[in-house]
Each structure stands twice: as structure tokens, then as C-alpha cells.
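What follows is the residue order along each chain.
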Amino acid sequence: TDSEKMNRKVDMGGLFMEQREEVNIKEILRASRMGMWRVEMEEGKPPRFYADEVMDELLGIDRDITPEERFVFHRSRIHPEDMRLFQEYSDKLTAARTEIVYRYIHPVSGAMFVRCGGERDTSVTEYVAVTGIHQDISETVRIEKEKEAERRLAELNDSLRKEKLRQDIYYKELLDIENCG
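Since we're looking at a predicted model, the values are computed, not measured.

1. A look at the sheet that holds strand β5 (residues 98–106)
Reasoning step 1: Taking strand neighbours across the sheet as the criterion, the five strands line up as β4-β3-β7-β6-β5 in an open arrangement whose pairing is antiparallel. What marks the edges here is a single partner per strand, and that holds for β4 (48–51) and β5. Strand-to-strand twist in this sheet, taken as the mean axis angle between neighbours without regard to direction, amounts to 30 degrees.
Reasoning step 2: The strands that helix α3 (residues 67–76) touches are β3 (34–41), β4 and β5; relative to β4, the one it contacts most, it runs at about 90 degrees.

2. Here we look at the pairing of β3
Reasoning step 1: Extensive coverage of β3 is indicated by the burial of six of its eight residues.
Reasoning step 2: Pairing of β3 with β4 involves four bridges; the strand directions are antiparallel. Within the sheet, the bridge partner assigned to V39 lies in β4 and is F49.
Reasoning step 3: Turn length for the β3-β4 hairpin, with the two strands adjacent in sequence and antiparallel, is six residues, and the turn residue G44 shows positive phi of about 80 degrees.

3. So, the confidence of the model for the protein chain
Reasoning step 1: Averaged over all residues, the pLDDT of the protein chain equals 83, while 86% of them reach at least 70.
Reasoning step 2: Mean pLDDT values over the elements of the protein chain span from 45, in strand β1 (residues 3–12), up to 97, in α3.
Reasoning step 3: For the stretch residues 1–20, pLDDT sits under 50, and the model shows 34 contacts to residues farther than four places along the chain or on other chains.

4. Some points on the nonpolar core
Reasoning step 1: Ranked by size, the top nonpolar core spans 21 residues in total, and within it W37, F49, L59, Y89, Y102, Y104 and C116 carry the most contacts.
Reasoning step 2: Secondary-structure elements contributing two or more residues to this core are β3, α2 (53–59), α3, α4 (83–93), β5, β6 (110–120) and β7 (128–136).
Reasoning step 3: Residues within four places of F49 in sequence aside, it is in contact with W37, R38, V39, M55, L59, P67, R70, F71 and H74.
Reasoning step 4: Among the nonpolar cores identified, the runner-up in size contains five residues, and M34, V54, L58 and I133 belong to it.

5. Observations concerning the packing of aromatic side chains
Reasoning step 1: Applying the stated criterion across every chain yields a total of three aromatic pairs.
Reasoning step 2: Ring centres of F86 and Y89 lie 5.5 Å apart, and the angle between their planes is 55 degrees; on these two criteria the pair is classed as tilted. One end of the pair, F86, and the other, Y89, are both in helix α4, three residues apart, so they sit about a helical turn from each other.
Reasoning step 3: Between F86 and Y102, the aromatic rings sit 4.9 Å apart at their centres with planes inclined by 65 degrees, giving edge-to-face as the arrangement. A residue pair is termed long-range when its members are at least 10 positions apart, and F86 in helix α4 and Y102 in strand β5 qualify at 16 residues. Each member of the pair F86 and Y102 is classed as buried.
Reasoning step 4: Members of the aromatic cluster, connected to one another through ring pairs, are F86, Y89 and Y102.
Reasoning step 5: Directly above the aromatic system of Y127 lies the positively charged group of R48, at a separation of 5.3 Å from the ring centroid.
Reasoning step 6: A cation over a ring is seen here: R77 above F73, with NZ or CZ 3.7 Å from the ring centre.

6. Here we look at the layout of surface pockets
Reasoning step 1: Put simply, the largest pocket is a space of about 260 Å³.
Reasoning step 2: Around the largest pocket, the lining comprises 19 residues; the ones closest to its centre are V39, F71, R75, F86 and S90.
Reasoning step 3: Counting only elements with at least two residues in the lining of the largest pocket, the list comes to β3, α3, α4 and β7.
Reasoning step 4: Ranked by the residues each element gives to the lining of the largest pocket, the list is headed by α4, at six residues.
Reasoning step 5: When grouped by side-chain class, the residues that make up the lining of the largest pocket number 13 nonpolar, four polar and two charged.

7. Remarks on α4
Each α-helix turn comprises 3.6 residues. Residues three or four places apart therefore point the same way.
Reasoning step 1: Among the residues of α4, F86, Y89, S90 and L93 are the ones counted as buried. Projected down its long axis, α4 carries its buried residues within an arc of 100 degrees, all on one side. The exposed residues of α4 that point more than 90 degrees off its buried face are R84 and D91.
Reasoning step 2: The inward-facing, buried residues of α4 abut β3, α3, β5, β6 and β7.

Cut-offs applied
Within every chain, residues take consecutive numbers counted from 1 along the sequence as written. pLDDT decides what is reported in this predicted model: residues at 70 or higher carry local features, side-chain atom pairs at 80 or more are listed and counted, and totals for whole chains, interfaces and linings draw on all residues regardless. The side-chain values count all of the structure's non-hydrogen atoms but skip hydrogen atoms and water molecules. Pairing between strands is defined by DSSP: at least two bridges between the two strands are required. Numbering of helices and strands starts at the N terminus; helices are DSSP runs of H or I of at least 4 residues and strands are runs of E of at least 2. Helix axes are fitted only over the stretch in contact, all axes being lines through C-alpha atoms; the angle between N-to-C directions runs from 0 to 180 degrees. Contact between two residues is taken to exist if any of their heavy atoms lie within 4.5 Å; hydrogens are not considered. We call a residue buried when its accessible area falls under 20% of the maximum for its residue type, exposed when it is over 50%, and partly exposed in between, using a 1.4 Å probe and counting protein chains only. Residue-level confidence of the predictor is what pLDDT reports, using numbers from 0 through 100. The nonpolar core is taken to be a set of buried Ala, Val, Leu, Ile, Met, Phe, Trp, Tyr and Cys residues, with the residues joined through side-chain atoms within 4.5 Å. Centres within 6.5 Å make a pair out of two Phe, Tyr or Trp rings, where for Trp the six-membered ring is used; the pair is then stacked when the planes are under 30 degrees apart, edge-to-face when over 60, and tilted otherwise. A ring is scored as having a charge over it whenever the NZ atom of a lysine or the CZ atom of an arginine sits within 6 Å of its centre and within 35 degrees of its normal. For each structure, a 1 Å grid was placed over the protein atoms alone; sets of points admitting a 1.4 Å probe that cannot get out are labelled cavities, open sets with protein on both sides within 12 Å along at least five of seven lines are labelled pockets, and lining residues have an atom within 4 Å of a point. Grid points are joined across faces, edges and corners, and a volume is the space filled by probe spheres set on the points. Throughout, the ten residues Ala, Val, Leu, Ile, Met, Phe, Trp, Tyr, Cys and Pro are labelled nonpolar, Asp, Glu, Lys and Arg are labelled charged, and all others, Gly among them, are labelled polar. Arc definition: it is the arc formed by the directions from the helix axis to the C-beta atoms.

Here's what the structure looks like:
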């Protein structure tokens, strides 16, 4: 179900009481812009890409599609400059837990930055199954870029301030020499 029980210990003036509350996992994932997925690869068959509701929203899928169609849909929207990197990531997933940050072209929102991580489900032996998460980190990347731009601007301002000080000293010394001569 979407809701699960979660146990939590609450400090009540030194006494710990266990409290049960309803937690809506889907809403937590939606608020975190995080979806869950599973890709299955079986010899002689096209790859199958399963996703939860939030994952489909992040991919921009607004209708029922087959797992095979979802696989093609997703791959066709990976930014072309990131495709080689994404393919390397995909190849590593069958052997080890792996993460990547890449650009995804959402059909409505446009380019977004995605953090994706997954690992092989070793309990499945008939075919290769990989499970993981897909998170839209576009806002985090935007904030980091703004911070970097602010840092560069501060460095430039500091450099210009120092240059102006050097010029002021230079011209003061020139005037002092002219006044003496």
C-alpha cells in the first residue's frame, strides 16, 4: 500500500514512548522528487522497465505503457551528450551498486538533472534484474551553480578591488614624483 506503519521513539521528558503513525511513502517520494524503478533484461527479449507512479511522473509518462515502451521512452530522452556515460553506468549495474548524474529531457519540463542509483537483484536468477531510484536534482544543481557563480563574482570583485588599489598607489607615486621634480 501507499501508507505503511512506522515506529518512532519519542522523548517525553526522559521517557521514551513508542509512537505509531501513518506514513504515506508515495507522498514522501513525490515531495523528494524520487521515483523507484526496476529493469529486467532477459536473453532474446527486449528490456522491461517497471516504474512506480512517481517515477512515471518524473519521466513525463502520463498514460499506461508497457514496460518495453517505458524502456524505449526513457532511453530516447537521455541528453545525447550524456548517452555514452549513461550506457557505461547501465553496463556496470549488473556487477555492482552504481550511481550517475545525467541530464534527462522531460517531454513537458525540458532538461532536468537526475541522480540515479541502482544495483542488481541477486535473488533473481532466471534473468538480470536491476532496481534503483531516480531523483530530480535540478533545483540542487541550480543552487550549486548559483553559489559557484557568486563565488566567482566575489573573486572577480576582489581582484578588481586589488587592481584599483595598485593603480591608486601607482598614480599617487607618479604625482609625488612630478611634484618633487
